[in-house]
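Structural description and commentary
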Amino acid sequence: MSFYYWKTIFKLSDSEKETLKYNEVKKIYIRYFDVDLHHETKMPIPLSPIRFQENMSGFNIVPVIYIKNKVMLESNFDSNDLAQKTVKLVNEINFKNKISCQEIQIDCDWTLSSKENYLKFIENFKKLSKKKLSATIRLHQVKYFKKTKIPNVDSGVLMYYNIGTIAPDTLNSIYRKEIAEHYLKSLKKYPLHLDFALPIYSWAVHVKNNKVIGLRSKINVLELQKDSNFEQISNIIFKVKYSNYKNGIFYEENDLLKIEAISAEDLIEMAKDLDDNTAQKPNEIIFYDLDDFNIKKYEKNIFKQVSSCF
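1. Brief notes about the environment of Q232
Within the secondary structure, Q232 is located in strand β13 (residues 230-232). The sequence separation of Q232 and L256 amounts to 24 residues, and the corresponding C-alpha distance is 9.7 Å. Among residues more than four places away in sequence, those in contact with Q232 are Q225, I237 and F238. Polar contacts involving the side chain of Q232 include one to the side chain of Q225, which spans 2.9 Å.

2. So, the pairing of strand β1 (residues 2-5)
Side chains of β1 alternate between two faces, with S2 and Y4 and F3 and Y5 buried alike. For β1 and strand β18 (residues 285-288), the ladder comprises 2 bridges, and the chain directions are parallel. Bridge pairing in β18 links S2 to I286. Pairing of β1 with strand β3 (residues 27-37) involves 3 bridges; the strand directions are parallel. Note on β3: the bridge partner recorded for Y4 is Y29.

3. A word on the pairing of β18
The two faces of β18 match: I285 and F287 on one face and I286 and Y288 on the other face are all buried. Sheet analysis places strand β10 (residues 194-199) next to β18, joined by 4 bridges and oriented parallel. Bridged to P199 within β18 is Y288.

4. Considering the nonpolar core
By size, the foremost hydrophobic cluster in this structure holds 89 residues, and its most contacted members are I30, Y32, F121 and Y160. When residues of this core are assigned to their parent elements, the largest contribution, 7 residues, is made by β3. The contact partners of Y160, leaving out residues within four places of it in the chain, are L139, Y175, A180, L184, A197, L198, P199, M270, D273 and L274. Core analysis: the second largest hydrophobic core is formed by 9 residues, A204, L224, F230 and V240 among them.

5. Here we look at the sheet that holds strand β17 (residues 256-260)
Within the open sheet, the 5 strands sit side by side as β12-β11-β17-β14-β13. Their pairing is antiparallel. Strand pairing shows two members of the sheet lacking a second neighbour, β12 (211-217) and β13, which therefore form its edges. Sheet twist, expressed as the mean angle between neighbouring strand axes with direction ignored, is 25°. In the sheet, strand β11 (residues 203-208) pairs with β12 via 6 bridges, with the strands oriented antiparallel. Residue pairing across strands places V205 opposite L215, the latter belonging to β12.

6. A look at unusual backbone geometry
Going from Y288 to D289, the amide bond is cis rather than trans, its omega being 0°. You can see D289 is positioned in the loop between β18 and α10 (292-295). One non-glycine residue with positive phi stands out, namely N210, at about 65°. Note on placement: N210 falls in the loop between β11 and β12. Given the relative accessible area of 61%, N210 is considered exposed.

7. Re the environment of Y161
Mapped onto the elements of the fold, Y161 is located in the loop between β9 (155-159) and α7 (177-184). Take Y161: its relative accessible area is 10%, and that puts it in the buried class. As a C-alpha pair, Y161 and R176 span 15 residues in sequence and 8.5 Å in three-dimensional space. Residue contacts for Y161: discarding those within four places in its chain leaves I174, A197, L198, P199, Y201 and Y288.

8. Some details on the state of the cysteines
Following the criterion strictly, the structure yields 0 disulfides and no others. Looking at C101, it has no disulfide partner, and the nearest cysteine sulfur is the one in C108, 20 Å off. C101 sits in the buried class, given a relative accessible area of 3%.

Parameters at a glance
- Residues numbered from 1 in each chain as written.
- Predicted model: local features only at pLDDT ≥ 70, side-chain atom pairs only at ≥ 80, totals over all residues.
- Heavy atoms only, no water.
- Helix = DSSP H or I, 4+ residues; strand = E, 2+ residues; numbered from the N terminus.
- Contact = heavy atoms within 4.5 Å.
- Polar contact = N/O pair within 3.5 Å; in protein donor to acceptor, adjacent residues only side chain to side chain.
- Buried < 20%, exposed > 50% of the residue type's maximum accessible area, 1.4 Å probe, protein only.
- Pairing = 2+ DSSP bridges.
- Core = buried A, V, L, I, M, F, W, Y, C linked by side-chain atoms within 4.5 Å.
- Axes fitted to C-alpha atoms, helices over the stretch in contact; angles between N-to-C directions.
- Disulfide = S-S within 2.5 Å.

Here you go:
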């Protein structure tokens, strides 16, 4: 069992440390930086590289590089140049923080249009980094692997979340069992070894005039229930009674907030469904993501319970 860590400064709170210790977690997948396109030059640039404020000596660290798909779609994309720059920055961060890593993970939701560039990038990156390489895999890439192809990596991590469409309706876009079921049967045919990433995050979908205008992360439901500017009109829907600013966001009268979260029961159901459909046991279950706000919603032993389903 391990966790993703997705903040720009690495500093563990007491409850995050407690969660790692209680679950005997030794491996953390840390987002090192994102790669996006510079808005003027259209050249790939690294965004928000991680800053460590904690000694990492007790942990096995896997750097994760999140690359936006539009980088791979750029007409003058140079896979070798990007691979060199990405490996160099990972090495610099490791050197500065005395981190020695055995594995690097590339997170990119590649598409049919970006496939060739993405696969080339993976080849170049693997040669240059001389490390074990893993890649994130989405459900559609498993089901249609003959079309989307399989990157030349040592293993994949199936991201078992963001399964539905973000919409004003009452369905949960983070996890929808009935949509997942269309893909699960394909798992046994997928030729690459897969580990599984499961969601423990939540967000609120901000809806105005029946249109989604944004996602609001770390929305505290108890706080909303106490706030007289909001009225709870169902289990998961809050209506804005009076226009107000909250955490820097303007909410107008009659806007709606739809809470999307993952219960402990959801996590156990996901784990059992994956276990029933996988050809080989995963080496690892990774929870996304390690954060006070996420972990305090669950009983202490939930991560062990979920991992024991495999």
